[in-house]
Amino acid sequence: PICHAIISDIDLDGSPDILAGNTVYNADGSTKWQRADLSDGYNAVGNFDLDAFAEVVLVTGGDVYILEHDGQTKLSAALAGGSHGGAPTVGDFDSDGLAEIGVADDNYYNLFEHDLTLKWKVENDDGSGRTGSTLFDFENDGLVEIVYSDEERLYVLRGLDGKILLDVEARSPTGVEAPIVADVDNDGSAEIVAMASRDGIDQSAALFVLKAVNDNWVATRPIWNQNSYHVTNINLDGSIPAHEQPNWLTPRLNNFRQNQFLPEEENKAGDSFTYKANDGALDSNEASVYIDLLPANTAPRFVSTPLEKASAGFEYLYGAQAIDREYDVIVFALVNGPASMFVDPATGLVRWMTSLSDLGTHPVTLSVTDSKGYSSLQHYNLKVEYPLVVPDVVGDPLTLASDRIERATLKTGAISERTHPQVPAGRVIEQFPLAGSTANVIASPKSAVRLALMVTVALRSGPRTMVSGLLVSVKNFGA
């Protein structure tokens, strides 16, 4: 069986997953889960319910499955004809706000609703039964079209009902290929890129490009870098994002194998004008004004860095901060995290009272959404560690006490003085907090713990001894 690998963080744990047919791998190559009861096949990723996690689409053996992010079967259905099935395409085919799935088999192109009921099917002629397709809104009317090739023809189908809008001869022996849409010549108008051979038998296929007669198909991204292309997997300049924004949570996306601009890339254009000033006798130099025409709205973005450590037994606090260029009201939410973690929707303050049972690493995902529905995510891993323990330095010389405090990741502070009739000079006689007290490993100036240590120092004026009090503050301490 053939499958195309997909990289996507389907469970929002901050680490990319590798999807390959019936198996999902962790980033280190270990198996996250495997559906051994299902054969390998072709995948896509999308969101088909109301939770934040992605679902995995698997086409195999003439059936299509929607699997939860943990591998459990959510839904399944049989393809209309044939025992195979090609790479699935995900998108809003009928502009109802919900994602649908398009799949070609040996005899039909099938369109399934989000609940896997068959919406419509169109006959094809494809012996391999494994070809793919792509989606694109050529007319920018909010209704996508499907671009699909079988062994004889290249079609553009209306997503709403499957009506054939374009039919071009493009003979091919077919395998696992699929046409794509991109602005290949960067002229501001999309083109269709597909393959065909001269007689439909020759295995050495040729690449061809179709464009609108008047070059009036809408603009799109000039890039399509892989079979599992899904927009957020690559930047416009060809660089790979270090932390990929989940496609299914990006406004107006939730699609797979469909080319379109990201919200922040849309409608960006420029204008300019040049002018002179005149005092009635002479003209000034020319001055030029350049204007960027930006999208009507862009998503807010996080500007704070998460605190990625916490101490068991202490409250974890992180003040998430975000900005919105249009000054819209923004709302914070916890997408994924420990059960008792809470984020204030208005202020972004994340709170979590930890315990020893929470030791270990916890994936956390926050979202920030503006009043127009545009949102961004912030992923991080929060490690809960044992708290710091204050050492017992009573009786130690000052030098030794300071060294032990430093090795405990604490800091010696100011020294105060006190007399004592019996304790040898230079020894600690008291400390605060007491030995064995615990402290937070998280740095927080507002909740710093201070230690008071008493040290004896011999007085020159007589037999009495002066004891110095050593004040110690703690590195990375919380109240």
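Rules used throughout
Residues numbered from 1 in each chain as written. Predicted model: local features only at pLDDT ≥ 70, side-chain atom pairs only at ≥ 80, totals over all residues. Heavy atoms only, no water. Salt bridge = Lys/Arg side-chain N within 4 Å of Asp/Glu carboxyl O. Helix = DSSP H or I, 4+ residues; strand = E, 2+ residues; numbered from the N terminus. Buried < 20%, exposed > 50% of the residue type's maximum accessible area, 1.4 Å probe, protein only. Phe/Tyr/Trp six-rings, centres within 6.5 Å; stacked < 30°, edge-to-face > 60°. Lys NZ or Arg CZ within 6 Å of the ring centre and 35° of its normal. Pairing = 2+ DSSP bridges. Axes fitted to C-alpha atoms, helices over the stretch in contact; angles between N-to-C directions.

### Quick word on the pattern of salt bridges
Counted by the stated rule, this structure contains 17 salt bridges. Taking the shortest distance from any N to any O, the salt bridge between K32 and D17 comes out at 2.7 Å. Here K32 is found in strand 4 (residues 31–34), whereas its partner D17 is found in strand 2 (residues 17–20), with 15 residues between them in sequence. The salt bridge involving D328 is made with K372; its shortest N-O contact spans 3.1 Å. Linking D328 in the loop between strand 25 (322–323) and strand 26 (330–336) with K372 in the loop between strand 29 (360–370) and strand 30 (375–385), this pair joins segments that are 44 residues apart in sequence. In this structure K372 comes out as partly exposed when scored by relative accessible area, which is 48%. Three or more residues are tied together by salt bridges with common partners; here these are D11, D13, D17 and K32.

### Describing the packing of aromatic side chains
In this structure the tally under the stated criterion is eight aromatic pairs. Aromatic side chains F273 and Y275 sit 6.2 Å apart centroid to centroid with 40 degrees between the ring planes, which places their arrangement in the tilted category. Take F273: its relative accessible area is 43%, and that puts it in the partly exposed class. Look at Y318 and Y380: their rings are 5.9 Å apart centre to centre, the planes differ by 80 degrees, and that puts the pair in the edge-to-face class. Here the residue Y318 occupies a position in strand 24 (residues 315–319), and Y380 occupies one in strand 30, the gap between them amounting to 62 residues. Pair check on accessibility: Y318 and Y380 agree, each one buried. Taken together, the ring pairs connect Y109, W120 and Y148 into an aromatic cluster. One residue, K121, lies across the ring of Y108, its end atom 4.5 Å from the ring centre.

### Describing the sheet that holds strand 14 (residues 145–149)
One open sheet accounts for four strands, arranged 13-14-15-16; its pairing is antiparallel. The open sheet has two edge strands with one neighbour each: strand 13 (133–136) and strand 16 (164–169). Between one strand and the next, the sheet's axes are offset by a mean angle of 15 degrees, whatever the strand orientation. Where strand 13 lies against strand 14, four bridges are found, and the strand directions are antiparallel. Across the sheet, the residue bridging to L135 is I146, located in strand 14.

### What about the pairing of strand 5 (residues 42–46)?
Looking along a regular strand, one sees side chains alternate from face to face of the sheet. Most of strand 5 sits out of view: five of its five residues are buried. The two faces of strand 5 match: Y42, A44 and G46 on one face and N43 and V45 on the other face are all buried. Strand direction decides the pairing type here: strand 5 and strand 6 (residues 55–60), joined by five bridges, are antiparallel. Its bridge partner being in strand 6, N43 is matched across the sheet by L58.

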